Each structure stands twice: as C-alpha cells, then as structure tokens.
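# Observations on the model geometry
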Amino acid sequence: MNGKILHLVGSQTSDYYYGVSRVMYAPGCIAALPELDHLVLLARLDGTWSLCTSLDKADHAERLSLPEALGQLGREKIACVQPHMFDYKGMVSTRSIAELLDIPMVGSPGEVMALTTNKWQSRAVVASHGVSVPKAQLLRPGDKVEMRVPLIIKPCREDNSMGITLVQTESDIESALIEGFKYDDQLLCEQFIPLGRELRIGVVDGEDDELEFLPVIEYFLGHKKQPIRTSADKISSPDGTANGMDFVGGDRQCPADIDEVLRRKLVDMARRSHEALGCRHYSLYDVRVDPEGNPFFIEASPYCSFSPKSVIVTMSRGDPKYNDTDIFYRLARKAIREHQPIGSSNQAMGMRSRGVLKVVRA
C-alpha cells in the first residue's frame, strides 16, 4: 500500500468511548497489520490532538490544536483513513478529516453515520424501503408513553446499549425514562419482540462490486432474566477505568444455524438496509427474530475497527476462504481505487452514482 494508514482514535467527549477506542479496538487493528506503516491521530479528552506512529508513544506525544494536527497531516503521505472512534462526535464530525485532507477512508462518511446513529431516523428510512421494524414512539422530556408494555426504552443517539431498559410493567416506565435521558434528550420507545433469536448480520463489498452476505452471529439470551443485550453483555471494566476494559465473552455462535427461508429474509433485509441508508463498503445490523421466524430490524452499526475482535473479522472466520485481514485489505484497496479527489471531473459523477442497488451474493 503506497502510504501510511491514518487511524482516528480516542474521544473528546467520553472517557468510556476513549477506552473503547484506544484500549480495546485500535491497538488490535494496528498489531494485525505489521507490514504497513501506521500513523495515529489521537483525540484527547482535554480537547487536544496528538500525532504518533504508535499508541505506545501517545502518552508522550505533543498536544496540538486541530488546525496544527491537520497541518502536520497535510505533509504526510497517507494511503487511507481507518476510523476507530465510537462516540457521536467521533463517528460523525471527526470522519470529515478524511474529506478535509482529500484522502480515502474505509467505511461510511460522516453524514451516513449521523443517520444510522439516530435510531428513530434510521428505522424510518429502512421501513420506507420494505424492512420490518418494531412499532415505536419517539419520546422527548415531558412526553407520555403511549405504547403498552412490554417495551424497550433506549437513547436515540447512543451506542453500545447504554441506557437501555426492558420495561415489563407500567410502574417501571418512569425509572426507564430517567435512565435513558441520562444519555440523550430523545428516546426510542419500541415494541418488545419476544425472543426467538438474537442475530447480527452484515454485508461487505465484494471484489466484483456485489454485496457479500457474511456468516451470521447468534447471541443466546434464553438464560437471562431479561432477554436483551445490554452494555454489561459487551464490555466490562472490573476496576472502573478505561485501561481495565475488556470484552465480555458471552454465549454466541458463528456461523449461526440458519435455514434457507430465514437466510433469504436476512439477506434481503441487509441489502435493503445497506442501500436505503447509503452505507459504504460494509454495514452491520442487529436483528431480532420472533418465535414465528419473522426478523425485525433493531438498529444499524456501520462501523468496524478490523481488529481481531471486531464483529466483521469474527464473522469472516465463519468462512474458510478468509483470514483476519483479507476484508480490510479488500476494502482499503477499494477505497483508494474509488476515491475521487476534490475538483476532479469524476467527482460529481461519483456522487450521482450513489444509491444504485447492488446484488447480494449470499
């Protein structure tokens, strides 16, 4: 690859997401690609930025303003950008750094991330394209819940199942609202889909430009008192610090045992959702299947660090043709190949071509 991989790491809004990015995901991606040259742009909680060739050197790196950091990046030879930021600002506005520097980026641009991070808006978009979603209500402070229990209440624009509550009695609604509003001023109140199966599905761009449906992950929740995935099922920190963060193993299977009828429904859901939301290169979706076998879109997750513990890498291990880095290299090459420099004659044509439906290879 002709140039360095620029990794966007850290958070300026959340100690939790700073740890998820710097401690849990970005180091694994960098370590998995030792043959490449790397450059890290670290967003710090104090509002400053640092540039370093290794996260091991980040603590002693100079603290810069964003204009200073961009100025230094402009003198670097960068092949493409790989984002590893999971707070709202990091997933949305920080991705514009790739556009400002006029360099390719793996994954969806900031405007797509703004849409997909908003659960109310993204579910409306996919529903308009024929994807099944649970009934729901948008709540702001002071609004009355009009839906009947059981239901799910969760922040509209928060990731990693933070602030989510399964409400099974009306007396629990108030505490669920209080918990949700800690994270956002808009909440999604959603019909609870009885547990049949809890799945994560995903698609990636193939070498032939068709969308490839990845092996499915199934999470087993039947043993839980509340059969939903919460933040405690994903990440733990026994000592309460970012450096102590680690993944929760959980009970899951990949590839999941999926019959052909359900598989066709999932492939169709992934294709419609990917195209409706305007995702680029790849996308992931949480899906709830009811006891009758009907899948429901729960939310979109079009982000991946491509570390050995990332979801897309985990899914790819269900297909023997892949090793842990194959999909990253494919998508990085594609991002570089398809990048339209600002002002080029092909840029406008490339923008107009977005949204063309692709075939999904299952």
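Residues numbered from 1 in each chain as written. Predicted model: local features only at pLDDT ≥ 70, side-chain atom pairs only at ≥ 80, totals over all residues. Heavy atoms only, no water.

## Digging into the sheet that holds strand 5 (residues 136-139)
The four strands lie next to each other as 5-8-6-7, forming an open sheet whose pairing is antiparallel. Bordering the open sheet on either side are strand 5 and strand 7 (165-167), each of which pairs with just one other strand. On average, adjacent strands in this sheet sit at an angle of 20 degrees to one another, irrespective of strand direction. With five bridges joining them, strand 6 (residues 151-155) and strand 8 (residues 187-191) adopt antiparallel strand pairing. Bridge pairing links Lys-154 to Leu-188 in strand 8. (Pairing = 2+ DSSP bridges. Helix = DSSP H or I, 4+ residues; strand = E, 2+ residues; numbered from the N terminus. Axes fitted to C-alpha atoms, helices over the stretch in contact; angles between N-to-C directions.)

## Quick look at the environment of Thr-314
Note on placement: Thr-314 falls in helix 9 (residues 311-316). Thr-314 sits in the buried class, given a relative accessible area of 11%. Taking the C-alpha atoms as reference, Thr-314 lies 9.7 Å from Val-216; in sequence the two are 98 residues apart. Each residue touching Thr-314, except ones within four places of it in the same chain, is listed here: Ile-217, Arg-252, Cys-254, Pro-308 and Lys-309. (Buried < 20%, exposed > 50% of the residue type's maximum accessible area, 1.4 Å probe, protein only. Contact = heavy atoms within 4.5 Å.)

## Section: the nonpolar core
Generally speaking, a soluble globular protein has its nonpolar side chains buried in company with each other. Val-106, Tyr-282, Phe-306, Ile-312, Ile-327 and Phe-328 are the most contacted members of the largest nonpolar core, which has 26 residues in total. Put simply, the parts of the chain that give this core at least two residues each are strand 11 (217-219), strand 15 (282-289), helix 9 and helix 10 (326-338). A per-element tally of this core places helix 10 first, with six residues. Membership of the second largest hydrophobic core comes to 22 residues, among which are Val-131, Leu-199, Leu-262 and Phe-297. (Core = buried A, V, L, I, M, F, W, Y, C linked by side-chain atoms within 4.5 Å.)

## Describing unusual backbone geometry
Residue Pro-150 follows Val-149 across a cis peptide bond; omega there is 0 degrees. Relative to the elements of secondary structure, Pro-150 occurs in the loop between strand 5 and strand 6. The omega angle of the peptide bond from Cys-254 to Pro-255 is 5 degrees, so this bond is cis rather than trans. The residue Pro-255 is located in the loop between strand 14 (252-253) and helix 8 (260-277) in this model. Its identity as a non-glycine residue notwithstanding, Asp-209 has a phi of 75 degrees, on the positive side.

## Considerations on the confidence of the model for the protein
This prediction gives the protein a mean pLDDT of 91; 91% of its residues lie at or above 70. Ignoring residues within four places in sequence, the model shows residues 347-357, a span with pLDDT below 50, making nine contacts including any to other chains. (pLDDT = per-residue confidence, 0-100.)

## Regarding helix 8
Taking 1.5 Å as the rise per residue, helix 8 with 18 residues should run 26 Å; its terminal C-alpha atoms sit 26 Å apart, in good agreement. Within the span of helix 8, buried status applies to Leu-262, Leu-266, Val-267, Met-269, Ala-270, Arg-271, Ser-273, His-274, Glu-275, Ala-276 and Leu-277. In this structure Asp-259 caps helix 8, since a side-chain oxygen of it lies 3.1 Å from the backbone nitrogen of Val-261. Of the residues one or two after helix 8, Gly-278 is the one with positive phi, at around 75 degrees. (Expected span 1.5 Å × (residues − 1). Polar contact = N/O pair within 3.5 Å; in protein donor to acceptor, adjacent residues only side chain to side chain.)

## Some remarks on the sheet that holds strand 3 (residues 49-52)
Pairing in this open sheet of four strands is mixed, and the strands run 3-2-1-4 from one edge to the other. Both outer strands of the open sheet, strand 3 and strand 4 (78-83), are each paired with one neighbouring strand and no more. Direction aside, neighbouring strands of the sheet carry axes that sit 20 degrees apart on average. Pairing geometry for strand 1 (residues 4-10) and strand 4, over five bridges, is parallel. If you follow Leu-8 over to strand 4, its bridge partner there is Pro-83.

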